[in-house]
Number of protein chains: 2
Amino acid sequence: MAEFMTETKQRSPGETGSAGAGDEPAPPGPGGRREAAGDAGAGPLDGQEAVALLERTRALVDPELRAAVDSLPGSMRRIALYHFGWEHADGTPAAGNAGKAIRPALVLAAAAALGGPGARAAAVRAAAAVELVHNFTLLHDDVMDRDTARRHRPTAWTVFGVPDAILAGDALQALALRLLAEDPHPASAAAAARLADCVVELCAGQHTDTAMERRAPDEVTLDEVLAMAEAKTGALLGCACALGALYADAHDEDVAALDGFGRQAGLAFQLIDDVIGIWGDPRRTGKPAGADLVVRKKSLPVVAALASGTPAAAELAALYGKPYVEGEAGDGGEIARTALAVERAGGRDWAQAEAADRMALAMQELARAVPVPEAAGGLLALAEFVTRRTS
Amino acid sequence: MAEFMTETKQRSPGETGSAGAGDEPAPPGPGGRREAAGDAGAGPLDGQEAVALLERTRALVDPELRAAVDSLPGSMRRIALYHFGWEHADGTPAAGNAGKAIRPALVLAAAAALGGPGARAAAVRAAAAVELVHNFTLLHDDVMDRDTARRHRPTAWTVFGVPDAILAGDALQALALRLLAEDPHPASAAAAARLADCVVELCAGQHTDTAMERRAPDEVTLDEVLAMAEAKTGALLGCACALGALYADAHDEDVAALDGFGRQAGLAFQLIDDVIGIWGDPRRTGKPAGADLVVRKKSLPVVAALASGTPAAAELAALYGKPYVEGEAGDGGEIARTALAVERAGGRDWAQAEAADRMALAMQELARAVPVPEAAGGLLALAEFVTRRTS
């Protein structure tokens, strides 16, 4: 259910796997986060530490993930191998593009932050379980949303049909929980219960999202969209961090704090993702300007703008009230006007300030569980990485 | 994925909850089973013991099941409450028709057979988990098969839409595995791993089923249909019995034997269900005669008949080669002719003999794990109950 990084179908089709954020323009200021990260040195800020972490995560987690997928019966395996980018639709091997592994990286970084290298090594199976859950939700979301492209390839349901995409998603959820059930680590049962709870929250978030699509823009409140974003995107990031903490044998309050860190960082990510969906540079995103406005998406800046009570809000409501028709108002004229209305109604400023607030909250939660900044390095780097990008 | 008893959408809309099999005509002879059951007295054979067991199971498992469903967020809870028959579509309370609880009854009976009343009491949560998995598969199967009625009511997707039915199914799977993850019983992790494995098998079975629907009748082999029936119906009955054995702290070989018992009994059930789908009395089934033939279902007797190499097989292949058009050949004339072709090609005899063989195998597996017939009483009664019905 959660859309994230290059795994989203809306974003950055031209982006390469190793694209850091170091050379990007200033991000929508996560001010609180910068302050907190200051002590940790320049490492996290240039994005290189995060890229190295993500690469190391893939190296650690992919064998576990691949073994789990290989254990599936042929019919289900074929779909999963395709979805993860390990096979082409005809069953021949592919280079693999299974996404950036942000979630498993958070599991491992959280385990390392609270329990050192031993905890990180022990948490590899939990990291794979989180990635399996993420991919189960992607398979099902694509069916529900009728999305036709993911990770620059046709979605599984367009290749194998809706029933098989549903079944493969079901099987991946089962694999995830089987991995934890078979893990002899003392934290595995608590981790499984938490991950299952998170699945329920992801389902509720996806429900809210699809239900909101059917409602008029002015019927949707900002609180609802924020709650939806937390359930759809924040919940699994929070759960990933919490699982890492559980595998580090952390106290309940530290597990909760790391969950809060992941949730708030996830919300900051979503806010910035929504800003990019309106004002992202088409040369960077590979999508037309204002992509989210074209489809009348009720993204966070839009709903904030609509709720502002300003004249620009009324103009935006009128524009969003009818579907966008290409070419009707000249080359993107209407979309430019819509983006301007969101901006004049304060939607852009609000989203950037809210993202900064969420990152500040995330840092507070992190500092509660990991008071020594050096130990939190990996988590800081990952939070920076996911919220700093501009495409 | 498994269709079963009054939970099937094809069968017995007029059947009441307490309909035993005692007054039915002779079932397709589970001969081996009768012999084995002889020692256990007349109890299991009249169906009353099974009915009592099922009622007791509902009383024990429903509170656990209801608590799990009530823990869902509102949007998911609403769909689950409707699916289980506890609420109407408008959210008002309903009398409840959550099916016969065969699977949870098997969990409890297996636990009691191998571990006595204490094991049965301990296995209630596992029984609820199995029932949650069963209902998750029903929600998804109905979406895939576009079935519009279940348990005499409109299916969830017709009421709440496809996305919400998919999401509610996802949430029920998560609830099932969370129940086991939160269960402090020493067998809960092994039970969770086994249940997750079973989900994968159910998915593969449903895949095979939907894929076979798209193939020509003469391209489907009997081995394939049998394997599909084992995966779709046998696997979860076997898993239910195995979970009961695990909660009785049984040895591995006894767990495997009880899995085999459930699987073989499940196959016997499916064979008889398929016989009823062709020759069932419309007054009992509430469906037109030859319901499965009308939709050209590749059921076990049909595929066996097609594979017989007889002149009747050729006639059947010709009939199945084109869709049934109502009224074209008079009042059911074509369907009667098709049923006769299946019968003359040996499909009916084969299915009844195969059902008897499967029940004999089931009894062998049961005797291996539970040598004392008195202890096996509940399992015998349930196996008898599910294979003895004629509508």
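Our structure is the block above this text.
Rules behind the numbers
- Residues numbered from 1 in each chain as written.
- Chains lettered and ligands numbered in written order.
- Predicted model: local features only at pLDDT ≥ 70, side-chain atom pairs only at ≥ 80, totals over all residues.
- Heavy atoms only, no water.
- Helix = DSSP H or I, 4+ residues; strand = E, 2+ residues; numbered from the N terminus.
- Buried < 20%, exposed > 50% of the residue type's maximum accessible area, 1.4 Å probe, protein only.
- Contact = heavy atoms within 4.5 Å.
- Areas by Shrake-Rupley, 256 points an atom, 1.4 Å probe, with all protein chains shown as cover.
- Axes fitted to C-alpha atoms, helices over the stretch in contact; angles between N-to-C directions.
- Parallel < 35°, antiparallel > 145°, perpendicular 65-115°, else oblique.
- Left-handed = near helix turned anticlockwise from the far one by under 90°.
- Phe/Tyr/Trp six-rings, centres within 6.5 Å; stacked < 30°, edge-to-face > 60°.
- Least-squares fit on C-alpha atoms with pLDDT ≥ 70 in both.
- Salt bridge = Lys/Arg side-chain N within 4 Å of Asp/Glu carboxyl O.
- Buried area = accessible area lost by both parts, 1.4 Å probe.
- Polar contact = N/O pair within 3.5 Å; in protein donor to acceptor, adjacent residues only side chain to side chain.
- Core = buried A, V, L, I, M, F, W, Y, C linked by side-chain atoms within 4.5 Å.

Before going further, it helps to examine the overall build of chain A. When its secondary structure is counted, chain A shows 17 helices and two strands. Per-residue burial for chain A yields a buried fraction of 62% across its 391 residues. Contacts in chain A between residues far apart in sequence, at least 24 positions, make up 76% of those at least 6 positions apart. When the accessible surface of chain A is summed, it comes to about 13,600 Å², and 53% of that surface belongs to carbon and sulfur atoms.

Attention now moves to the packing of helix α5 (residues 124-145) of chain B against helix α7 (residues 162-181) of chain B. Residue and element names in this part refer to chain B. Following both chains from N to C, one finds α5 and α7 inclined at 160°, their axes separated by 8 Å at the closest point. Accordingly, the angle class assigned to the pair α5 and α7 is roughly antiparallel. The two elements α5 and α7 meet at a crossing, and its hand is left-handed. Touching Arg-125, Ala-126, Ala-128, Ala-129, Leu-132, Val-133, Asn-135, Phe-136, Leu-139, His-140 and Val-143 of α5 are Val-162, Ala-165, Ile-166, Ala-168, Gly-169, Asp-170, Leu-172, Gln-173, Leu-175, Ala-176, Leu-179 and Leu-180, all from α7.

Turning to the packing of aromatic side chains, a few remarks are in order. Residues and elements named next belong to chain A. Per the stated rule, a full pass over the model turns up four aromatic pairs over all chains. Between the aromatic rings of Tyr-82 and Phe-160, the centroid separation amounts to 5.5 Å while the plane-to-plane angle is 75°, which identifies the pairing as edge-to-face. With a gap of 78 residues between them, Tyr-82 in helix α3 (residues 74-83) and Phe-160 in helix α6 (residues 156-160) connect regions that are remote in the sequence. The exposure class of Tyr-82 is buried, given its relative accessible area of 4%. For the ring pair Phe-84 and Trp-86, a centre distance of 4.9 Å and an interplane angle of 20° mean the geometry is stacked. Exposure remark for Phe-84: the relative accessible area of 0% places this residue in the buried category.

This part is about the relation of the copies chain B and chain A. Overlaying chain B on chain A yields an RMSD of 0.0 Å, the required transformation being a rotation through 180° with an accompanying axial translation of 0.0 Å. Such values leave the two copies arranged in the relation of a two-fold axis.

Right, let's talk about the pattern of salt bridges for a bit. Evaluated as defined, the whole model comprises 42 salt bridges over all chains. A salt bridge links A:Asp70 to A:Arg66; the shortest N-O distance between them is 3.5 Å. Here A:Asp70 and its partner A:Arg66 are both found in helix α2 (residues 48-70), four residues apart, which amounts to about one turn of the helix. A:Arg66 sits in the partly exposed class, given a relative accessible area of 30%. Its salt-bridge partner being B:Arg296, residue B:Glu334 comes within 3.0 Å of it at the nearest N-O pair. Taken together, the positions of B:Glu334 in helix α15 (residues 333-344) and B:Arg296 in the loop between α12 (291-294) and α13 (300-306) put the pair 38 residues apart, joining distant regions of the chain. Each member of the pair B:Glu334 and B:Arg296 is classed as buried. Because the salt bridges share partners, they merge into one network encompassing A:Arg194, A:Glu201, A:Glu230, A:Asp259 and A:Arg263.

Moving on, we come to the interface of chain B and chain A. Contacts between the two partners involve 33 residues from chain B and, on the opposite side, 34 residues from chain A. Summing the contributions of chain B and of chain A, the shared interface buries around 2,800 Å²; its carbon and sulfur component is 72%. Counting the surface chain B buries against chain A, the share from its top three residues, B:Leu167, B:Val200 and B:His207, is 18%. When the shortest N-O distance is used, the salt bridge between B:Arg178 and A:Asp197 registers 2.5 Å. If you look at where chain B meets chain A, you find ten residue pairs in polar contact (both at pLDDT 80 or more). Every element with two or more residues in the side of chain B that touches chain A is listed here: α3 (74-83), α5, α7 and α8 (188-213) of chain B. Here the element with the most residues in the side of chain B that touches chain A is α8(B); it accounts for twelve residues.

As for its placement among the helices and strands, A:Ile276 is situated in helix α10 (residues 252-279). Measuring from C-alpha to C-alpha, the distance between A:Ile276 and A:Asp292 comes to 9.0 Å, with 16 residues separating the pair along the chain.

What follows concerns the nonpolar core. Ranked by internal contacts, the top residues of the largest apolar core, which has 204 residues, are A:Leu379, B:Leu132, B:Leu195 and B:Leu379. In this view, B:Leu195 contacts B:Ala129, B:Val130, B:Val133, B:Ala176, B:Leu177, B:Leu180, B:Leu236 and B:Cys239; residues no more than four positions away in its chain are not counted.

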